[in-house]
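One-letter residues, chain by chain:
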Amino acid sequence: MQTNLADFIKDTPEGKEAEAILRSCVHCGFCLATCPTYQLLGDELDSPRGRIYLMKQMLEGEPVTEKTQLHLDRCLTCRACETACPSGVRYGHLLDIGRGIVEKKVGRGLVAGSMRYVLRQALPNPGLFASLLKIGRAARPLLPEGLKDSIPAALVKESRSLRAARYERRMLVLQGCVQPGLAPNINAAAMRVLDKLGISLISAPDAGCCGAVSYHLNAQQEGLDYMRRNVDAWWPYVAPETEKGPGAKPGTKERATGGANEETRGIEAIVMTASGCGVTVKEYGHLLRHDPAYAEKAARISELTRDISEIVEAEMPALVSLLSKSAAGMENSKQKLAFHSPCTLQHGMRIRGVAEKILTAVGFDLTYVPDAHLCCGSAGTYSILQPELSQQLLKNKVTALESGHPDRIATANIGCLMHIRSGAALPVEHWIEILDEKLEVAQPGTIED
């Protein structure tokens, strides 16, 4: 695609990146068949190719209108188009650039701007979110039917205790912002599963929201600040070791950041149990590449980041061995599961079939899910900001997931889990919770301090 970028963007880092992405597009249209909004609306401007044309016009200095903003807002950022694209167009990166420019040129009305501001303040703040959730649940009986469904019912918190780090093999886990309030058992289940595999999961107290909420609501500098905070929180755990200064005992080492206690030594990976966070943290290196103070550190953080499925897959021999030692571990093994692979997992991180392979290996029967590449409609804050399209996608996804008559539905991201649960008649859980449940049958016993 030929380009002639306007002066306001041409020589900036964003302009250079956008131009390279635009030039890689060959107009083939393969993306149309995989785009959820194009499937629903049939409007090319609600397809990746159409949105690319809109962004090209904008970057070349053409007038930017609310119509342009509308079509970019309707994009789920599911990145299914990237999976289908034979030219490797990095559409998601281009969309981030385009949305940032539109936000500056068009702005938002009072209601829309206030909604986005509230979401940016509430969702990344675990304490505030948990308090608001508690208030919402208390008021749920008094709310109109339409609002009741938007407030998830409380889940029973996990009662089994967790041992503090006890193995030489240690990994960090991101607690997340909304997940602790909505589904506190997910990270607890991940900790128990890895504990049985000889790996301790620990968390950095100062790590928080991954930055995706603010960044994708076009408060991009705010999102980058969240990312920098996490880099700072994790860096003492992952910084290269250097020899201690004068007076140190021979052979002893400390972290370059000034020392580390026993818990922070030897971190192998940073584990994500929410694929929405995982895809963002894996891109810290790209997103902070122009920040001289953080570029190198952010690249290292991204390099160490792993989805929980990648960690468990690497331990498959030990996992299967644990289950095979107990007849109970492999009996009742043909329970049928439908697995929803989040867009952030299969299209964003390009991790496909891994969780499914694990579940199959430990004895579950996975049902066929039609159109498994399509988004469920959650997409971060999309279900709140674009409710009509989101609900259509949810209805289609639930129909597809339930078509194989499974006993339960499994997924890998808190947003997808809560969204699908709101429309499904079957139990919907994170796949690591289901694996934890199976391991508990095979290897009973609490993990205690």
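Here the structure is a predicted model, which means the values were calculated and not measured. (Residues numbered from 1 in each chain as written. Predicted model: local features only at pLDDT ≥ 70, side-chain atom pairs only at ≥ 80, totals over all residues. Heavy atoms only, no water.)

**Let's talk about the overall build of the protein chain**
Assigned secondary structure in the protein chain consists of 26 helices and ten strands. Split into buried and exposed, the 449 residues of the protein chain put 51% on the buried side. In the protein chain, the proportion of contacts linking residues at least 24 apart, taken out of those at least 6 apart, comes to 72%. Taken as a whole, the protein chain presents about 20,100 Å² of accessible surface, with 53% of it coming from carbon and sulfur. (Helix = DSSP H or I, 4+ residues; strand = E, 2+ residues; numbered from the N terminus. Buried < 20%, exposed > 50% of the residue type's maximum accessible area, 1.4 Å probe, protein only. Contact = heavy atoms within 4.5 Å. Areas by Shrake-Rupley, 256 points an atom, 1.4 Å probe, with all protein chains shown as cover.)

**Describing helix α24 (residues 387-402)**
Here α24 contains 16 residues, and its C-alpha end-to-end distance of 22 Å stays within 8% of the 22 Å for a straight helix at 1.5 Å per residue. For α24, every residue scored as buried is listed here: Leu389, Ser390, Leu393, Leu394, Lys397, Val398, Ala400 and Leu401. The buried residues of α24 occupy an angular sector of 160° when projected down its axis, which confines them to one face. α24 presents Glu388, Lys395 and Thr399 as exposed residues on the side facing more than 90 degrees away from its buried surface. Looking at the buried side of α24, the elements it contacts are α3 (36-41), β7 (336-339), α23 (382-385), β9 (408-411) and α25 (414-423). (Expected span 1.5 Å × (residues − 1). Arc of directions from axis to C-beta.)

**Quick look at the side chain of Thr381**
With respect to the helices, strands and loops of the structure, Thr381 is situated in the loop between β8 (365-366) and α23. Not counting residues within four places of it along the chain, the set of residues in contact with Thr381 comprises Leu119, Leu123 and Leu217.

**So, the packing of aromatic side chains**
Two numbers describe a pair of aromatic rings. These are the distance of the centres and the angle of the planes. Considering all chains together, one arrives at zero aromatic pairs under this definition. Its guanidinium or amino end placed over the ring of Phe8, Lys105 lies 4.5 Å from that ring's centre, counting from NZ or CZ. Sitting above the plane of the Phe364 ring, Lys438 keeps its charged end 5.1 Å from the centroid. (Phe/Tyr/Trp six-rings, centres within 6.5 Å; stacked < 30°, edge-to-face > 60°. Lys NZ or Arg CZ within 6 Å of the ring centre and 35° of its normal.)

**Comments concerning the nonpolar core**
Trp234, Ile420, Trp431, Ile432 and Leu435 are the most contacted members of the largest nonpolar core, which totals 95 residues. A total of nine residues in this core trace back to one element, the largest contributor, which is helix α14 (residues 220-238). Viewed by domain, this core spans two of them, domain 2 (111-149) and domain 3 (329-442), each represented by three or more residues. Ignoring any residue separated from it by four or fewer positions in sequence, one finds Leu435 in contact with Val193, Val312, Leu319, Ile358 and Val362. Residues Cys25, Leu32, Met55 and Cys75 belong to the second largest nonpolar core, which totals 25 residues. (Core = buried A, V, L, I, M, F, W, Y, C linked by side-chain atoms within 4.5 Å. Domains from an automatic or database assignment.)

**Concerning the sheet that holds strand β1 (residues 170-173)**
Strand order across the open sheet formed by four strands is β2-β1-β5-β6, with parallel pairing between neighbours. In this open sheet, the two strands that pair with only one neighbour each are β2 (200-202) and β6 (305-307). Mean inter-strand twist for the sheet, computed between neighbouring axes without regard to direction, equals 40°. Here strand β5 (residues 267-272) pairs with β6 via three bridges, running parallel. (Pairing = 2+ DSSP bridges. Axes fitted to C-alpha atoms, helices over the stretch in contact; angles between N-to-C directions.)

**Details of the side chain of Gln386**
Secondary-structure assignment places Gln386 in the loop between α23 and α24. Those residues in contact with Gln386, other than ones at most four positions away along the chain, are Asp73 and Arg74.

**What about the environment of Asn218?**
Note on placement: Asn218 falls in the loop between α13 (212-216) and α14. Overall, Asn218 belongs to the buried group, its relative accessible area being 15%. The contacts of Asn218, once residues within four sequence positions are left out, are Arg99, Gly100, Glu103 and Arg108.

**So, the pattern of salt bridges**
Counted according to the given criterion, the structure contains 26 salt bridges. Note that Glu222 and Arg120 form a salt bridge whose closest N and O atoms lie 3.0 Å from each other. Of this pair, Glu222 sits in helix α14 while Arg120 sits in helix α8 (residues 110-122), and the two are 102 residues apart along the sequence. Of the residues examined, Arg120 reaches a relative accessible area of 17% and is grouped as buried. One salt bridge connects Glu310 with Lys282, and the closest N-O pair in it is separated by 2.9 Å. Here Glu310, found in helix α18 (residues 308-314), pairs with Lys282, found in the loop between α15 (275-281) and α16 (284-287); they are 28 residues apart in sequence, far enough to count as distant. Glu310 gets classed as partly exposed once you look at its relative accessible area, which sits at 23%. What emerges from the salt-bridge pattern is a single network uniting Asp73, Glu103, Arg108 and Arg116. (Salt bridge = Lys/Arg side-chain N within 4 Å of Asp/Glu carboxyl O.)

**Description of the sheet that holds strand β10 (residues 428-430)**
Ordered in space as β8-β7-β9-β10, the four strands form an open sheet in which the pairing is parallel. The open sheet has two edge strands, β8 and β10, and neither has a second partner. As paired strands, β9 and β10 are joined by three bridges and run parallel to one another. Considered in β10, the bridge of Thr411 is made with His430. Along the sheet face, helix α22 (residues 354-361) touches β7 and β8 and points at about 175° away from the line of β7.

**Considerations on the environment of Trp235**
Structurally, the position occupied by Trp235 is in helix α14. Judged by its relative accessible area of 11%, Trp235 is buried. Note: C-alpha distance between Trp235 and Lys297 (62 residues apart in sequence) is 7.4 Å.

**A short note on the confidence of the model for the protein chain**
For the protein chain, per-residue confidence averages 88 on the pLDDT scale, and residues scoring 70 or more make up 86% of the total. Every residue in residues 243-260 is under pLDDT 50, and counting partners more than four places away or in other chains gives 29 contacts. (pLDDT = per-residue confidence, 0-100.)

**Let's talk about the pairing of β9**
Of the two faces of β9, the one lined by Arg408 and Ala410 and the one lined by Ile409 and Thr411 are each fully buried. As defined by bridge partners, β7 adjoins β9 across three bridges and the pair is classed as parallel. Residue pairing in the sheet places Ala338 in a bridge with Ile409 of β9.

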